[in-house]
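# Residue-level structure breakdown
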Amino acid sequence: MAAVGTGGSTAAPGPGAVSAGALEPGTASAAHRRLKYISLAVLVVQNASLILSIRYARTLPGDRFFATTAVVMAEVLKGLTCLLLLFAQKRGNVKHLVLFLHEAVLVQYVDTLKLAVPSLIYTLQNNLQYVAISNLPAATFQVTYQLKILTTALFSVLMLNRSLSRLQWTSLLLLFTGVAIVQAQQAGGGGPRPLDQNPGVGLAAVVASCLSSGFAGVYFEKILKGSSGSVWLRNLQLGLFGTALGLVGLWWAEGTAVAHRGFFFGYTPAVWGVVLNQAFGGLLVAVVVKYADNILKGFATSLSIVLSTVASIRLFGFHVDPLFALGAGLVIGAVYLYSLPRGAAKAIASASASVSTSGPCIHQQHPGQPPPPQLSSHRGDLITESFLPKLLTKVKGS
């Protein structure tokens, strides 16, 4: 992903440059570094807080809210936010906004309908996350959920004919091994757990969520190649489908109970915090992530795992044993290695080859060839290559 200010920060001033002009590159570089650190903090807090807040809200004593209503509310708030942002882009002109939406949503209905499949998958994924976090400790879920990197990589190879470097394949193997160790620790006990939790159901839900997340991310990129729609328009379209499909899922899974007890049954300030986090967290990350890069995103994911684990110890009495620490460490290392750009990955592979006298990397990059984009799989981490030249940002947040 292109970074703001890249290239200009190190350029030398021309012979006739004045002192003020000479300071501009350094000033831009300093501002860019601050924005990168702010982006890192936002990514870490958003990644960890959503999981912790869902876990907290689902384990509170008393009436338990309906997860399907929370998913619908998040989609409604997300769609309304994008509608307001589009309204602001049209300078408050209602007529221009209506004409724009009519053209983009109704006239170009084929592009709109293409978003129905990923929206369905995202709605399913969000509901599965509630099931998984309700049955797994927050730290265990956070580690296991990194399987989305593996599923996205596999789908990108199968559907987009992408190639992965040797280091990336190695990192995926480390990732799978680390998750397997964590799940073995969970199956072996991992400390006391509430009676209403079922680790098997939680594992099945998180694996299904990772599979759907990986497929949706790659499918979304595949069908929207060449699209020029704005990020807020795409989010609004996804929100419309997400709300409709979420209501269908609510009626099918908990319709009778919701009709009897009410849509907002069990809602507390903690539940509203979860809904707001889901609705605005991903959109916030979509704004700040353009100042980050793949290494920073990988580092943020690793920090969020550590933060979730530490918070789980304090909030939920989670017990960290050597087996969990080993598995989590492998996952953190794998996430960081996978996020390295191709140039760095090739350098590491070459250095390893020179030490071990092994052959060169099987996927070599030609000089001057840009690295292929790294596709993240979380709904809040969807980056479509077709959008990058114009938007340099994410498409969907959850």
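Residues numbered from 1 in each chain as written. Predicted model: local features only at pLDDT ≥ 70, side-chain atom pairs only at ≥ 80, totals over all residues. Heavy atoms only, no water.

So the rule is basically this: UniProt positions are given in the numbering used here, feature names are shortened, and annotations may be inferred rather than shown by experiment.
An unreviewed UniProt entry lists the protein chain under the name Solute carrier family 35 member A2, with Microcebus murinus given as the organism. If you open the UniProt record of the protein chain and go to Sequence similarities (unreviewed entry), you find "Belongs to the nucleotide-sugar transporter family. SLC35A subfamily." If you open the UniProt record of the protein chain and go to Subcellular location (unreviewed entry), you find "Golgi apparatus membrane".

## Here we look at the overall build of the protein chain
For clarity, the threshold we go by: Secondary structure elements follow DSSP: runs of H or I no shorter than four residues count as helices, runs of E no shorter than two count as strands, and numbering proceeds from the N terminus. Partly exposed describes any residue whose relative accessible area lies between the buried limit of under 20% and the exposed limit of over 50%, with all areas from a 1.4 Å probe on protein chains only and scaled to the type maximum. Here, residues are in contact when the closest pair of their heavy atoms is within 4.5 Å. In short, Shrake-Rupley with a 1.4 Å probe defines the accessible areas, and a residue's cover is counted only from the protein chains shown.
Helices and strands together make up the secondary structure of the protein chain, namely 15 helices and zero strands. Looking at the protein chain residue by residue over its 398 residues, the buried ones come to 48%. Counted over contacts in the protein chain with a minimum sequence separation of 6, partners at least 24 positions apart contribute 85%. Accessible surface for the protein chain amounts to roughly 18400 Å². Of this, 69% is attributable to carbon and sulfur atoms.

## Re the packing of helix α2 (residues 67-89) against helix α5 (residues 116-135)
We count it as follows: Axis lines are fitted through C-alpha atoms, for helices just across the contact stretch, and the angle between N-to-C directions can take any value from 0 to 180 degrees. Angles below 35 degrees are treated as roughly parallel, those above 145 as roughly antiparallel, those between 65 and 115 as roughly perpendicular, and all remaining angles as oblique. By the definition used in this description, the sense in which the near helix is turned from the far one sets the handedness, with an anticlockwise turn below a right angle giving left-handed and a clockwise turn giving right-handed. Throughout this entry, Asp, Glu, Lys and Arg are counted as charged residues, while Ala, Val, Leu, Ile, Met, Phe, Trp, Tyr, Cys and Pro are counted as nonpolar. The remaining residues, Gly among them, count as polar.
Direction vectors running N to C along α2 and α5 enclose 135°, while the axes themselves pass 10 Å from each other. Between α2 and α5, the angle is such that the two are oblique. Crossing angle aside, the handedness with which α2 passes α5 is right-handed. The residues of α5 that touch α2, namely those facing Ala67, Thr68, Ala70, Val71 and Glu75, are Thr123, Asn126, Asn127 and Tyr130. Residues that form the contact of α2 with α5 fall into these classes: four nonpolar, four polar and one charged.

## So, the packing of helix α8 (residues 166-187) against helix α13 (residues 322-339)
The geometry of a pair of packed helices is captured by two quantities: the angle between their axes and the separation between those axes. As a packed pair, α8 and α13 sit with axes 8 Å apart at the nearest point and diverge in direction by 155°. When the axes of α8 and α13 are compared, the pair comes out roughly antiparallel. Regarding α8 and α13, the two cross each other, and that crossing is left-handed. Each residue belonging to the contact of α8 with α13 can be placed in one class, and the counts come to 17 nonpolar, six polar and no charged.

## Observations concerning the UniProt feature "transmembrane region" (unreviewed entry) in the protein chain
When the UniProt feature table is mapped to this numbering, "transmembrane region" (unreviewed entry) covers residues 37-58, 64-87, 169-188, 200-220, 232-252, 264-289, 296-317 and 323-340. The distance from the first to the last C-alpha atom of residues 64-87 is 36 Å, and the span holds 88% helix and 0% strand.

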